[in-house]
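The primary structure of each chain is shown beneath.
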Amino acid sequence: MSTMAVENVAVAPVDQGFWTRTRKVGAVLVALGLLGAVLFGALATDQQARFTLSEDSAGAALEINGTVGAILFGLVALAAGAAMLAGLPKRWFTLVLGVGLVGFLLSFLCWQVSAAPTGQNFMPLVNVLRGTFVLALPLIFGALAGVLCERSGVVNVAIEGQLLMGAFSGALFGSISGSVWVGLVAAAIGGAFISLLLAVFAIRYLVDQVVMGIVLNLLAVGVTGFLYERLMQTDAESYNSAPRFSNWEIPLLSDIPLLGPVLFRGNIFLYLGLLLVLVIHIALFRTRWGLRTRAVGEHPTAADTLGVKVLRLRYLNVVLAGVVAGIGGASYTLALYSFTKNMIGGKGFIALAALIFGRWSPTGALLAALFFGFADQLATYLSAINSTIPSQFLAMLPYLATILAVAGLVGRVRAPAADGKPYIKG
């Protein structure tokens, strides 16, 4: 009898009451929809909001009256929220949430684009999408580094330091050698160096992994800042003028409307980032290495009993993660900018958020990185059209999107069971 009672208690559903997570999110969407339909609709103008399929105002475009668009798309978000409040089936949650958020975003854009000064009331979608990918690239590499570590059971808070060391090493050795390829290899080694320190202290000496990650971030900031002042500032021509990777255009594919110029006229970092997402996803879920990695991240003791070298695999994956993050850091200094102190500016922590938002999956991390990259690019676009929103709030937009995504949209997620737990071989 007692066993039956325990079993009944274990399987009894938990009464969540009326305010389930779906209904809470629905209430937020209803509020956003009202904001869009009422406020954005009132602030928008009767000018056409043009979304061009090119890099400028010319060519084909999607057009809608600013006021009508702001109200219409606000009502779309409102309807999505109402559907959630009515008790939407769980399988439709993600789709309806996406529709609601896109509706709110389009309502906002109809207001902003229509209210822009004459001659600026258009959004060039090719430029916006290209900027989204460029800004998302370091996040993609950083999030992939996090996937490799955390699927192996090691928390990687040191992504910021790995990106920064990669950016610095790429700039320094690329400048000294005059070769982008030497700079790329140096960037990979720089990121791997930070990762190796994380592996040694976290795996061998059992130091708290979160604390160690923060320490390594500070170490990277200190070392690169010191060398920047002593070498790069005093002789930028010799130590901070690395050559840049040029864009590679893929024939035929680059002529595809809208997506062609975005995806097939990029530099090596764009192609390598997308390729790594595919390769790591397949390797993680379709190969023996991936099965062992996931086993080590979930139950290292069981993996050990089956002959998996737990500590060796963790060392390998953590160092490999540093290589990936280091290359991501080089996407700054070998493609876009000269090196400056602390130039990563918190992108490593946003990459960590993308990892969580993407539920520890390479493809999920890619989509999350693109979401944050779009938020960053949107702030740049709004600033360019002289938006009435204060510039300080625009600068905050990527970080607000990070908070919203991790705190509000992710819901309950489960990290690998052994993530952050040191393994001591018996």
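- Under an unreviewed UniProt entry, the name given to the chain is ABC transporter permease, and the source organism is Micromonospora endolithica.
- In its Subcellular location (unreviewed entry) section, UniProt records this for the chain: "Cell membrane".

1. A closer look at the layout of surface pockets
- When its volume is computed, the second largest pocket comes out at roughly 290 Å³.
- Taken together, 18 residues form the lining of the second largest pocket, with Arg-130, Val-134, Asn-247, Asn-267 and Leu-336 sitting closest to its centre.
- Where the lining of the second largest pocket is concerned, the elements lending two or more residues are α5 (125-150), α10 (259-263), β5 (265-266) and α11 (268-286).
- The leading source of residues in the lining of the second largest pocket is α5, at 6 residues.
- Per-class residue counts for the lining of the second largest pocket are 11 nonpolar, 5 polar and 2 charged.

2. A short note on the packing of aromatic side chains
- Within the structure shown, the criterion is met by 13 aromatic pairs.
- For the pair Phe-371 and Phe-372, a centre-to-centre distance of 5.3 Å together with 65 degrees between the ring planes defines the contact as edge-to-face.
- Owing to a relative accessible area of 32%, Phe-371 belongs among the partly exposed residues under this scheme.
- Members of the aromatic cluster, each reached through a chain of ring pairs, are Phe-40, Phe-104, Phe-108 and Trp-111.

3. Section: the packing of helix α6 (residues 159-177) against helix α7 (residues 180-204)
- Contact geometry of α6 with α7 gives a least axis separation of 7 Å together with a crossing angle of 145 degrees. In terms of crossing hand, the pair formed by α6 and α7 is right-handed. Residues Gly-161, Gln-162, Met-165, Gly-166, Ser-169, Gly-170, Phe-173, Gly-174 and Ser-177 of α6 form the contact with α7, whose own contacting residues are Val-182, Gly-183, Ala-186, Ala-187, Gly-190, Gly-191, Ile-194, Ser-195 and Leu-198.

4. A look at the pattern of salt bridges
- What the rule picks out here adds up to 6 salt bridges.
- The salt bridge involving Lys-341 is made with Glu-229; its shortest N-O contact spans 2.8 Å. Here Glu-229 lies in helix α8 (residues 209-232) and Lys-341 lies in the loop between α14 (310-333) and α15 (347-357), a separation of 112 residues in the sequence.
- In this structure, the salt-bridge partner of Arg-414 is Glu-298, at a minimum N-O distance of 3.3 Å. Taken as a pair, Arg-414 in the segment after α17 (391-409) and Glu-298 in helix α12 (residues 288-298) lie far apart in primary sequence, 116 residues in all.
- With relative accessibility at 58%, the residue Arg-414 sits in the exposed group.

5. A look at the domain arrangement of the chain
- Taken as a whole, the chain is organised into domain 1 (21-115) and domain 2 (126-410).
- Between the C-alpha centres of domain 1 and domain 2 there is a distance of 31 Å.
- With 13 residues of domain 1 at the interface, the matching set in domain 2 holds 15 residues.
- Regarding the contact of domain 1 and domain 2, the summed buried area is about 1,100 Å², with carbon and sulfur atoms giving 62% of it.

6. Notes on the sheet that holds strand β2 (residues 61-65)
- Across the sheet, which stays open at both edges, the 3 strands sit in the order β2-β1-β3 with mixed pairing between neighbours. Only two strands of the sheet have a single partner each, and these edge strands are β2 and β3 (122-124). This sheet shows a mean twist of 15 degrees between the axes of neighbouring strands, independent of strand direction.
- In this structure, strand β1 (residues 48-52) lies alongside β2, joined through 5 bridges in antiparallel fashion. Bridge pairing in β2 links Phe-51 to Leu-62.
- On top of the sheet, helix α3 (residues 66-85) reaches β1 and β2; it is set at about 90 degrees to β2, its chief contact.

7. Description of α11
- With 19 residues, α11 should cover 27 Å at 1.5 Å per step; its first-to-last C-alpha distance of 26 Å lies within 8% of that length.
- Looking at α11, one finds that the buried residues are Ile-268, Phe-269, Leu-270, Gly-273, Leu-276, Val-277, Ile-280, Ala-283 and Leu-284.
- You can read the cap of α11 off the contacts: a side-chain oxygen lies 2.9 Å from the backbone nitrogen of Phe-269, and it is on Asn-267.

8. Some remarks on the pairing of β1
- With 4 of its 5 residues buried, β1 lies for the most part within the structure.
- In terms of strand pairing, β1 meets β3 through 3 bridges, oriented parallel. Along β3, the bridge assignment pairs Arg-50 with Phe-122.

9. Brief notes about a positive patch on the surface
- A cluster of basic residues, Arg-288, Arg-292, Lys-309 and Arg-312, forms a positive patch at the surface.
- By secondary structure assignment, the location of Arg-292 is in helix α12.

About the thresholds
- Residues numbered from 1 in each chain as written.
- Predicted model: local features only at pLDDT ≥ 70, side-chain atom pairs only at ≥ 80, totals over all residues.
- Heavy atoms only, no water.
- UniProt positions renumbered as here; feature names shortened; annotations may be inferred.
- 1 Å grid on protein atoms, 1.4 Å probe; cavity = no way out; pocket = protein on both sides within 12 Å on 5 of 7 lines; lining within 4 Å.
- Points joined across faces, edges and corners; volume = space filled by probe spheres on them.
- Helix = DSSP H or I, 4+ residues; strand = E, 2+ residues; numbered from the N terminus.
- Nonpolar A, V, L, I, M, F, W, Y, C, P; charged D, E, K, R; others polar.
- Phe/Tyr/Trp six-rings, centres within 6.5 Å; stacked < 30°, edge-to-face > 60°.
- Buried < 20%, exposed > 50% of the residue type's maximum accessible area, 1.4 Å probe, protein only.
- Axes fitted to C-alpha atoms, helices over the stretch in contact; angles between N-to-C directions.
- Left-handed = near helix turned anticlockwise from the far one by under 90°.
- Contact = heavy atoms within 4.5 Å.
- Salt bridge = Lys/Arg side-chain N within 4 Å of Asp/Glu carboxyl O.
- Domains from an automatic or database assignment.
- Buried area = accessible area lost by both parts, 1.4 Å probe.
- Pairing = 2+ DSSP bridges.
- Expected span 1.5 Å × (residues − 1).
- Polar contact = N/O pair within 3.5 Å; in protein donor to acceptor, adjacent residues only side chain to side chain.
- Patch = residues over 30% accessible without salt bridge, like charges linked within 9 Å, V, L, I, M, F, W, Y side chains within 5 Å.
- Areas by Shrake-Rupley, 256 points an atom, 1.4 Å probe, with all protein chains shown as cover.
- Lys, Arg positive; Asp, Glu negative; His and termini not counted.
- Charge placed at Lys NZ, Arg CZ, Asp CG, Glu CD.

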